[in-house]
Amino acid sequence: MYGTRCEDRSVGIGRSDGRRCDGLERMSHQPGSLRCAVIGAGMAGILSAIKLTEAGISDFTIYEKADRVGGTWRENTYPGLSCDVPSHLYSYSFALSPDWSRQFSPGPEIQAYFERVAEEHDVVRHVRFGDAVTRCTFSDGRWHLLTGSGHRDVVDVVIAATGVLHRPRYPDIEGLDSFEGSMFHSARWDHQVGLDGARIGIIGTGSTAVQITSAIVDQVSELSLFQRTAQWIMPQENPAISDQEQNDLREHPDQLAEKHQDLSDLFDLFANAVVDSESAEIKMIEQACLENLENNVHDPDLREKLRPNYRAACKRLIISPDFYAAIQRPNATLVTDAIERIEPTGIRTADGRLHQLDVLVLATGFHADSFMRPMEIVGRNGMTLEEAWDPRPEAYLSVSVPDFPNFFLLNGPNGPVGNFSLIEVAELQFRYILQLIEPIRAGRYRQICATHHALAQFEQEREQAAKRTVWVTGCKSWYLDDRGIPTGWPWSFVRFREEMKAIDPSAFESA
Ligand code: NAP
């Protein structure tokens with residue numbers, strides 16, 4: 001049961017004075033049974049399965065719409081795909097790997113890592129593949145799930161591990177469907193389409209478009225990159241990790257753990273920098289990006305076209321050692337005239353020119369506010385998530401939504417996003433969620449969710465803090481909501497770690 005400091009049950013699970021409950025003690029008797037559903041078998045779903053099992057909760061199903069685990073790393077297969085978080089950091093803390101081939105390993109290697117970890121931890125037998133959850137309804141104190149195949153399940157706890165960026169955003173451009181060549185979104189790459197000698201157009205200049213450009217420019221006959229907004233590019237090299245170094249890490253797991261920790265500390269600095277637009281670190285990042293542009297783009301006209309008119313890291317910072325080299329190849333063109341329409345044979349720009357294309361890649365990003373939608377989720381008193389999230393998604397500390405008891409989110413709205421490891425974020429969140437789940441299993445209460453008051457207060461503080469961040473210094477990005485306010489965590493990562501250590505009982509209501 002809870003430690004004595006947390007015994008006051010008059011305000012839900014916690015104390016009326018609102019002081020923190022610094023950790024929960026286990027019930028002394030055998031815990032009761034608890035059935036859970038995890039939605040999504042990507043990075044966070046695999047993590048959930050492993051951690052539920054470790055906590056002694058074995059009665060759960062992971063619902064996965066696709067036929068493999070891996071989430072974003074399964075869905076994105078575009079050429080050049082890699083993670084811009086170093087692989088030794090973008091790994092589960094409990095499954096560090098000495099085998100990474102590069103500092104920023106390629107996408108297929110990351111996908112293989114998740115598949116291997118899922119196999120090794122016996123996750124796969126819990127997954128119901130090829131069956132998407134379409135509806136979750138909270139009724140009689142439990143969640144009633146319905147899937148696309150008509151399968152039904154009744155569970156005590158739902159963990160939404162549905163990822164952040166998974167619903168492709170198709171651009172609203174006149175004539176899009178009239179294109180007669182091959183056209184696909186970057187997250188739906190069509191590998192049947194040959195690129196050798198093709199005239200290829202890419203719309204967008206985000207992380208995805210930049211990676212694709214560098215990867216294919218030497219393969220295609222012409223590459224036209226359609227840029228609406230220039231990007232700051234951090235010229236981070238991506239060295240191979242030698243066999244010798246991999247062996248050393250294999251033989252010395254302590255060094256592997258140290259590497260993970262060192263990188264985590266380094267990324268804390270970045271996380272601190274972006275939430276303080278006046279920080280010295282942000283200025284250093286800006287300087288490094290500026291030097292990259294000045295020193296590595298030789299044609300003055302092209303340099304000016306590539307020069308952003310907003311501050312570095314305002315949009316998600318792009319990491320690339322070779323994008324500037326790629327866009328300066330003789331067969332590459334940076335098109336900055338606005339796209340007027342798409343025609344059967346190519347893209348017509350505002351200057352009247354028709355850019356003839358065989359293949360058109362839409363690297364136009366994602367609906368960043370989807371999370372688990374369009375799934376229909378009906379909470380307490382018939383409240384739907386659509387209603388709760390009108391006009392925008394909000395979750396207390398990113399994990400709990402009022403009126404949706406026992407429904408917890410990993411990498412949900414308002415959590416840390418940016419150039420750091422979402423794995424670490426999910427691990428911390430899961431530990432926090434487990435503190436909410438344990439008492440349900442122990443029979444201490446049947447249901448719990450954040451209070452409206454806690455969410456309102458959290459949002460108010462979050463919006464206030466967001467004003468200091470670099471994300472509001474004059475650019476548009478998927479980090480911003482419909483009001484232009486950053487949707488993410490506007491404080492340091494250290495604060496996030498602190499918040500995730502122990503629940504604040506006064507922020508929750510239970511029954
Ligand atoms: P994104 O950052 O949202 O970029 C979308 C791009 O498409 C932008 O350049 C945008 O221009 C452009 N665009 C959208 N609609 C357009 C239109 N109608 N006409 C012309 N241009 C249009 O998407 P993303 O590159 O796929 O990246 C999304 C996120 O995925 C990243 O920020 C990152 O979090 C993640 N990602 C990570 C990695 C990695 O290495 N870890 C790699 C790829 C992606 P504007 O800038 O003008 O809006």
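Source: prediction; values computed, not measured. Residue numbers here run from 1 along each chain, matching the order of that chain's written sequence. Local features in this predicted model are restricted to residues whose pLDDT is 70 or higher, and side-chain atom pairs enter the listing and the counts only when it is 80 or higher, whereas totals over whole chains, interfaces and linings include all residues. Only hydrogens and water are removed before side-chain values are computed, so all heavy atoms of the structure are retained for them.

Some remarks on the pattern of salt bridges
1) Next: Think of a salt bridge as a Lys or Arg side-chain nitrogen and an Asp or Glu carboxyl oxygen that are within 4 Å of each other. The full count for this structure, using the stated rule, is 41 salt bridges.
2) Next: The partner of Glu278 in a salt bridge is Arg311, with the nearest N and O atoms 3.7 Å apart. Here Glu278 is found in the loop between α6 (253–274) and α7 (280–296), whereas its partner Arg311 is found in the loop between α8 (300–305) and β12 (318–319), with 33 residues between them in sequence.
3) Next: Think of it in three bands: with a 1.4 Å probe and only protein chains considered, a residue is buried below 20% of the maximum accessible area for its type, exposed above 50%, and partly exposed in between. The exposure class assigned to Glu278 is exposed, which follows from its relative accessible area of 51%.
4) Next: The residue Glu424 makes a salt bridge to Arg497 at a minimum N-O spacing of 2.9 Å. Residue Glu424 is located in helix α11 (residues 422–441), and its partner Arg497 is located in helix α13 (residues 493–501); the two are separated by 73 residues in the primary sequence.
5) Next: Judged by relative accessible area, Glu424 falls into the buried class, the value being 17%. Only runs of H or I of at least four residues qualify as helices and only runs of E of at least two qualify as strands under DSSP, and these elements are numbered from the N terminus.

Thoughts on the sheet that holds strand β9 (residues 199–203)
1) Next: Strands qualify as paired when DSSP identifies two bridges or more between them. Taken together, five strands build an open sheet; the order of strands is β8-β17-β9-β10-β13 and the sheet is parallel. Here the strands that pair on one side only, and so sit at the sheet edges, are β8 (182–185) and β13 (332–335). Within this sheet the neighbouring strands show an average axis-to-axis angle of 15 degrees, counted without direction.
2) Next: The pairing of β9 with strand β17 (residues 359–362) spans four bridges and is classified as parallel. The residue of β17 that forms the bridge with Gly201 is Leu360.
3) Next: Helix-sheet contacts for helix α4 (residues 207–216) involve β9, β10 (222–226) and β17, and the interaxial angle to β9 is about 160 degrees. Fitting a line to C-alpha atoms yields each axis, with helices limited to the stretch in contact; the angle taken between N-to-C directions then spans 0 to 180 degrees. Two residues qualify as a contact provided that any one of their heavy atoms is within 4.5 Å of a heavy atom in the partner residue.

Digging into the site of the ligand
1) Next: Around the ligand, 23 residues are found, and the nearest of them are Thr205, Thr208, Thr229, Lys315 and Arg316.
2) Next: Residue Gln211 places a side-chain N or O atom 3.1 Å away from an oxygen atom belonging to the ligand.
3) Next: Definition of a polar contact: a pair of N or O atoms within 3.5 Å, with one able to donate and the other able to accept a hydrogen when the atoms are protein atoms, and with sequence-neighbouring residues admitted only if both atoms are side-chain atoms. Between the ligand and Trp478 there is a distance of 2.9 Å, counted from an oxygen atom to a side-chain nitrogen or oxygen.
4) Next: Contact with the protein chains covers 84% of the free accessible surface of the ligand, which is 910 Å².
5) Next: Looking at the shell around the ligand, the element that brings in the most residues is α4, giving three residues.
6) Next: Its residues placed into classes, the shell around the ligand shows nine nonpolar, ten polar and four charged. We call a residue near a given molecule or strand whenever any one of its heavy atoms falls within 4 Å of it. For the area figures, the Shrake-Rupley method with a 1.4 Å probe applies, and any residue is considered shielded solely by the protein chains shown. Charged means Asp, Glu, Lys or Arg here, nonpolar means Ala, Val, Leu, Ile, Met, Phe, Trp, Tyr, Cys or Pro, and polar covers whatever is left, Gly included.

Observations regarding the nonpolar core
1) Next: Core analysis: the largest hydrophobic core is formed by 102 residues, its most contacted members being Tyr92, Phe114 and Tyr396.
2) Next: With eleven residues, the top contributor of residues to this core is α11.
3) Next: Discounting chain neighbours no more than four positions away, the residues touching Phe114 are Met43, Ile46, Val69, Trp73, Tyr90, Tyr92 and Ile423. Here, nonpolar core refers to any group of buried Ala, Val, Leu, Ile, Met, Phe, Trp, Tyr and Cys residues whose side-chain atoms link them within 4.5 Å.

Everything listed is a geometric property; what it means functionally is a separate question.
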